[in-house]
Amino acid sequence: MKGHHIASGFLWSGMVEHVLRVIRLTVAVLLVAAPASAWAGLVNDVPSCYAATHIAPPAKPYAHLIYILMDQTVKLPPALEQSAVNNALRMLKPGTKFVIAEFSAFSQGHFLQVVHTGIVEKPLAPSRIGSTSMVAARHLNVCLGMQYGFARKMVATSMASIMESSTSSLDQSDIMMAMKTVAPAIARDPAAQKVLFAITDGLENSSVTTFYGNGTVRVINPAVEMGKAIRNHLIGNFGGASVYVLGGAVMPPAATGTLAARNGYRDPQALINLKDFWRQYFAKSDGKLMEFGEPALVEPVAYPETH
């Protein structure tokens with residue numbers, strides 16, 4: 001009888017391992033095939049582990065939103081590129097929705113588009129463990145581990161690809177229009193904690209206004225520029241989201257002009273006024289500018305604290 005129990009135990013263990021291998025293979029195939037969808041970016045590009053394991057998903061699959069908005073007119077130094085990716089990856093945790101979008105000017109073949117959207121699902125709630133089979137729960141945990149790695153790779157490779165194709169040679173940069181365009185999606189999202197992570201120099205150069213002068217950053221008047229934004233209906237509604245900007249006023253050295261401009265020098269007053277403008281802009285747009293990197297962030301991107 002004892003031998004029978006031991007044999008049964010080995011048989012059961014073997015069956016479980018076989019099922020786990022099958023589900024690993026199934027999930028791997030799903031994850032590899034996921035980005036090929038014609039709707040990539042507009043729907044969840046990360047396959048659901050709850051669907052794969054036939055377990056009912058949580059009523060609220062995520063509580064955090066990280067919206068990564070990338071300016072194609074900005075060419076970052078390698079150190080800042082790595083900082084951008086590192087900050088984005090830090091925000092991925094169970095129960096997180098991420099969106100990656102890119103923009104430049106609304107012309108020149110470059111336009112705002114969502115590249116990827118994905119959800120890193122929450123693990124099974126403790127209250128549901130007792131009503132879920134141990135085998136199904138184990139399958140789910142295996143899948144969630146693979147899903148997390150897949151999501152991280154999607155974010156890192158997508159951001160690297162966008163930054164690699166970015167160029168500072170484009171003449172126009174409709175930053176405020178891009179901000180206004182993505183704001184409703186952020187405001188409507190049901191996530192309890194929302195962050196807009198904007199990778200941009202913040203230097204508007206559109207038909208509305210320009211923050212450049214003599215080949216470098218000019219000293220703008222924040223109040224005057226805010227007036228232009230309001231008159232041209234470029235104020236959005238971010239639904240109380242926290243905002244982090246990486247790359248503020250970064251620009252290649254000027255080809256002409258003063259020695260300071262050719263060395264890439266930026267007037268401290270120009271930086272102060274630029275930061276003040278964006279602080280006012282986001283406050284008017286129901287967003288909170290937490291950090292404006294000039295160009296690097298002093299504090300890492302983080303979700304707002306809950307009390």
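Residues numbered from 1 in each chain as written. Predicted model: local features only at pLDDT ≥ 70, side-chain atom pairs only at ≥ 80, totals over all residues. Heavy atoms only, no water.

Student: Which residues make up the nonpolar core, and what values go with them?
Tutor: Counting residues in each nonpolar core, the largest one holds 41 residues, and the members touching the most others are M179, L196, F238, W278, Y281 and F282. Only strand 1 (64-71), strand 2 (96-103), helix 6 (175-188), strand 4 (193-199), helix 7 (222-231), strand 7 (241-246), helix 9 (268-284) and strand 8 (287-292) provide two or more residues apiece to this core. Among all residues touching M179, those that are not within four sequence positions of it are L69, L196, A198, F238, W278, Y281 and F282. L80, L92, F150 and V195 belong to the second largest nonpolar core, which has 32 residues in total. (Core = buried A, V, L, I, M, F, W, Y, C linked by side-chain atoms within 4.5 Å. Buried < 20%, exposed > 50% of the residue type's maximum accessible area, 1.4 Å probe, protein only. Helix = DSSP H or I, 4+ residues; strand = E, 2+ residues; numbered from the N terminus. Contact = heavy atoms within 4.5 Å.)

Student: Just give me the short version of the sheet that holds strand 2, but keep the residues and values in it.
Tutor: Across the sheet, which stays open at both edges, the six strands sit in the order 3-2-1-4-7-8 with mixed pairing between neighbours. On the outer flanks of this sheet lie strand 3 (113-120) and strand 8, each paired with one strand and no other. Direction aside, the axes of adjacent strands within the sheet are offset by 15 degrees on average. Summarising the sheet, strand 2 and strand 3 pair through seven bridges and their orientation is antiparallel. Paired with A101 across the bridge in strand 3 is V114. Helix 3 (residues 78-90) rests against strand 1, strand 4 and strand 7 of the sheet, and its axis sits at about 170 degrees to strand 4. (Pairing = 2+ DSSP bridges. Axes fitted to C-alpha atoms, helices over the stretch in contact; angles between N-to-C directions.)

Student: For unusual backbone geometry, give the residues involved together with the corresponding values.
Tutor: Most peptide bonds are trans, and most residues other than glycine sit at a negative phi. Cis rather than trans, the peptide bond between E294 and P295 has omega equal to 0 degrees. Mapped onto the secondary structure, P295 falls in the segment after strand 8. Positive phi, close to 60 degrees, is recorded for H54, a residue that is not glycine. Here H54 is to be found in the loop between helix 2 (49-52) and strand 1. Despite not being glycine, A249 shows a phi value in the positive range, around 65 degrees.

Student: Please set out the pattern of salt bridges residue by residue, giving values where relevant.
Tutor: Inspection of every chain in the model, using the stated rule, returns three salt bridges. A salt bridge links K97 to D189, with the shortest nitrogen-to-oxygen separation between them at 2.9 Å. With K97 in strand 2 and D189 in the loop between helix 6 and strand 4, the pair connects residues that are 92 residues apart, well separated along the chain. Classification of K97 as buried rests on a relative accessible area of 18%. Judged by its relative accessible area of 7%, D189 falls in the buried class. In this structure, the salt-bridge partner of R218 is E225, at a minimum N-O distance of 2.9 Å. The buried category is assigned to E225, whose relative accessible area is 2%. Here the salt bridges do not stand alone but share partners, grouping R218, E225 and K228 into one network. (Salt bridge = Lys/Arg side-chain N within 4 Å of Asp/Glu carboxyl O.)

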